[in-house]
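Take a look at the letters that make up each chain.
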Amino acid sequence: MDIGVILPSVAAQQREGLDLPAAARHAEELGLDSVWHGDHLATGMPSLDCAVALAAAAAATSRIRVGASVFIPAIRPLAWAAKQVASLQHVSAGRLILGIGSGGGEAQWAAAGVPYAERAARTDTALELLPSLLGGDEVELPDEEGRPRVTLAPAVPVPPLWIGNLAVRRAARYGDAWFPSLITPAELTAGATRLAELAARFRRPVPAITIGAAGALGDGPGLPDAAEMTTNLIRAYGKEPAQAELLPITGGATQIAGRFAEYESAGASHVVIGLAGDGWRRQCEVLAEARTSLS
């Protein structure tokens, strides 16, 4: 099972004196498989541009995969989104994993000047056209004024497309992987069954499964406990209490490995975890120990 970690937030970087290149190198040196960054425009919280952050991580490393968790192509002009993706794939020497979603609150879409109601259709268009745009083909852009035809260069290999959130149908139709976040093993088992059914209907190979998780790893100072994390998940994501209490991943390496094994049994082949609380470096070390226990 591959294990990835979300790169530290701006607040964590400032609190711990840790920049993104150093964080990415630390994860790579520990033997983790991937580092990730979100894609947020205007949330009211400090955040970095996804493409810039991943470029910094890629430039500081040589092996570890760099991933968008998740990139929102539909909030941008499609040619610009494709250019960002192609540039990341180029500077990372083919190490990009492109998580794709259509989320974010209405305020972010308003800030970008894109109607919120169009996000699903624009996302499907992006998924249909991105492979050709990245491959250097001439492509007509149906969602842009005047339906321009564009050709982008340099052409790059299409990165793995991991479809985020609970968009199982979209993942079955377009994705190389389904990438739901904050999901229980039981929910993942049911989703995996549905994914296989839909992939057969679309006459496509069954996509792989990656899950996004939240955790506070080890026993260092400044870590929230499971109860506090549960409360935060209820407040931030509207999770039902009975579901939310099953989601936080806490404890030492053995306990964490056991939780990951539950997801592996449910069909996941990759876990991407965001770390809460203090000590991002130290938590990565616990995560790497758990990864070794899974091998």
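Here, every reference points to the structure presented above.
In short, a report on the structure. For clarity, every value in this text was computed on a predicted model and none was experimentally measured.

**Section: the environment of Thr231**
You can see Thr231 is positioned in helix H9 (residues 226-237). Thr231 gets classed as partly exposed once you look at its relative accessible area, which sits at 41%.

**Quick notes on empty space enclosed by the protein**
Under the definition given, this model contains two cavities of 30 Å³ or more. Of the pockets and cavities examined, the largest cavity occupies roughly 80 Å³. Considering the residues around the largest cavity, the lining is formed by Pro73, Ala74, Arg76, Leu78, Arg122, Thr125, Ala126, Leu141, Pro142, Asp143 and Glu144. With three residues, helix H6 (residues 119-134) is the single largest residue contributor to the lining of the largest cavity. Partitioning the lining of the largest cavity into residue classes produces six nonpolar, one polar and four charged. Size it by volume and the second largest cavity reaches roughly 40 Å³. Forming the walls of the second largest cavity are Cys50, Ala51, Leu54, Ala68, Phe71, Gln84, Val85, Leu88 and Leu98. Put simply, the parts of the chain that give the lining of the second largest cavity at least two residues each are helix H3 (50-59), strand S3 (65-71) and helix H4 (78-91).

**Some points on helix H11 (residues 253-265)**
Compared with the 18 Å implied by 1.5 Å per residue over 13 residues, the 18 Å span of H11 between its first and last C-alpha is a close match. The complete set of buried residues in H11 reads Ala253, Ile256, Ala257, Arg259, Phe260 and Tyr263. Projected down its long axis, H11 shows its buried positions confined to an angular sector of 160°, all on one face. Set apart from the buried face of H11 by more than 90 degrees, the exposed residues are Thr254 and Ser265. Packed against the buried residues of H11 are strand S1 (2-6), helix H8 (185-201), strand S9 (208-217), strand S10 (249-251), strand S11 (270-275) and helix H12 (280-294). Immediately downstream of H11, the backbone of Gly267 shows phi near 125°, a positive value.

**Thoughts on H4**
The end-to-end C-alpha separation of H4 is 20 Å, in line with the 20 Å expected for 14 residues at 1.5 Å each. Burial in H4 covers these residues: Leu78, Ala81, Ala82, Gln84, Val85, Ala86, Leu88 and Gln89. Those residues of H4 that are buried lie in contact with H3, S3, strand S4 (96-100) and H6.

**Some thoughts on unusual backbone geometry**
A cis amide bond links Ser69 to the next residue, Val70, at an omega of -10°. Ala153 connects to Pro154 through a cis peptide bond whose omega is 5°. Mapped onto the elements, Pro154 comes out in the loop between strand S6 (149-150) and strand S7 (161-164). The phi dihedral of Leu182 is positive, around 50°, even though this residue is not glycine. Considering the arrangement of structural elements, one finds Leu182 in the loop between strand S8 (177-179) and H8.

**Structural notes on the nonpolar core**
Membership of the largest hydrophobic core comes to 82 residues, with the highest contact counts inside it found for Val5, Leu32, Val35, Leu133, Leu188 and Ile211. In contact with Ile211, not counting residues within four places along its chain, are Phe179, Pro180, Ile183, Leu188, Tyr263, Ala268, His270, Val271 and Val272. In this structure, Trp36, Ile72, Ile97 and Trp162 belong to the second largest nonpolar core, which totals 12 residues.

**Let's talk about the state of the cysteines**
Across all of its chains, the model carries zero disulfides by this definition. Not engaged in a disulfide, the cysteine Cys50 finds its nearest cysteine sulfur in Cys284; these two sulfurs lie 18 Å apart. For Cys50, a relative accessible area of 1% translates into the label buried.

**Some details on the side chain of Thr123**
Examined against the element boundaries, Thr123 turns out to sit in helix H6. A relative accessible area of 1% places Thr123 in the buried class. Not counting the four nearest positions on each side in its chain, Thr123 is found in contact with Ala74, Ile100, Gly101, Ser102 and Arg170.

**Quick word on the side chain of His270**
With respect to the helices, strands and loops of the structure, His270 is situated in strand S11. With a relative accessible area of 7%, His270 lands in the buried category. One polar contact links His270 to Ser34, side chain to side chain, over a distance of 2.9 Å. Residues contacting His270, with those up to four places away along its chain left out, are Met1, Asp2, Ile3, Gly4, Ser34, Trp36, Trp162, Ile209, Thr210 and Ile211.

**Thoughts on the pattern of salt bridges**
For the structure on display, the rule yields 11 salt bridges. Across the salt bridge formed by Asp39 and Arg76, the nearest N and O atoms sit 2.9 Å from each other. Of this pair, Asp39 sits in the loop between strand S2 (34-37) and H3 while Arg76 sits in the loop between S3 and H4; the two residues are 37 residues apart in sequence, bridging distant segments of the chain. Side by side, Asp39 and Arg76 carry an identical accessibility label, which is buried. With a closest N to O distance of 3.8 Å, Arg194 and Glu197 form a salt bridge. In this pair, Arg194 and Glu197 are both assigned in helix H8, three residues apart and thus about one turn of the helix distant. Looking at Glu197, the relative accessible area reads 44%, which means it is partly exposed. A cluster of three or more residues bridged by salt bridges with shared partners is formed by Glu138, Glu140, Arg147 and Arg149.

Quick notes on the rules
Residues numbered from 1 in each chain as written. Predicted model: local features only at pLDDT ≥ 70, side-chain atom pairs only at ≥ 80, totals over all residues. Heavy atoms only, no water. Helix = DSSP H or I, 4+ residues; strand = E, 2+ residues; numbered from the N terminus. Buried < 20%, exposed > 50% of the residue type's maximum accessible area, 1.4 Å probe, protein only. 1 Å grid on protein atoms, 1.4 Å probe; cavity = no way out; pocket = protein on both sides within 12 Å on 5 of 7 lines; lining within 4 Å. Points joined across faces, edges and corners; volume = space filled by probe spheres on them. Nonpolar A, V, L, I, M, F, W, Y, C, P; charged D, E, K, R; others polar. Expected span 1.5 Å × (residues − 1). Arc of directions from axis to C-beta. Contact = heavy atoms within 4.5 Å. Core = buried A, V, L, I, M, F, W, Y, C linked by side-chain atoms within 4.5 Å. Disulfide = S-S within 2.5 Å. Polar contact = N/O pair within 3.5 Å; in protein donor to acceptor, adjacent residues only side chain to side chain. Salt bridge = Lys/Arg side-chain N within 4 Å of Asp/Glu carboxyl O.

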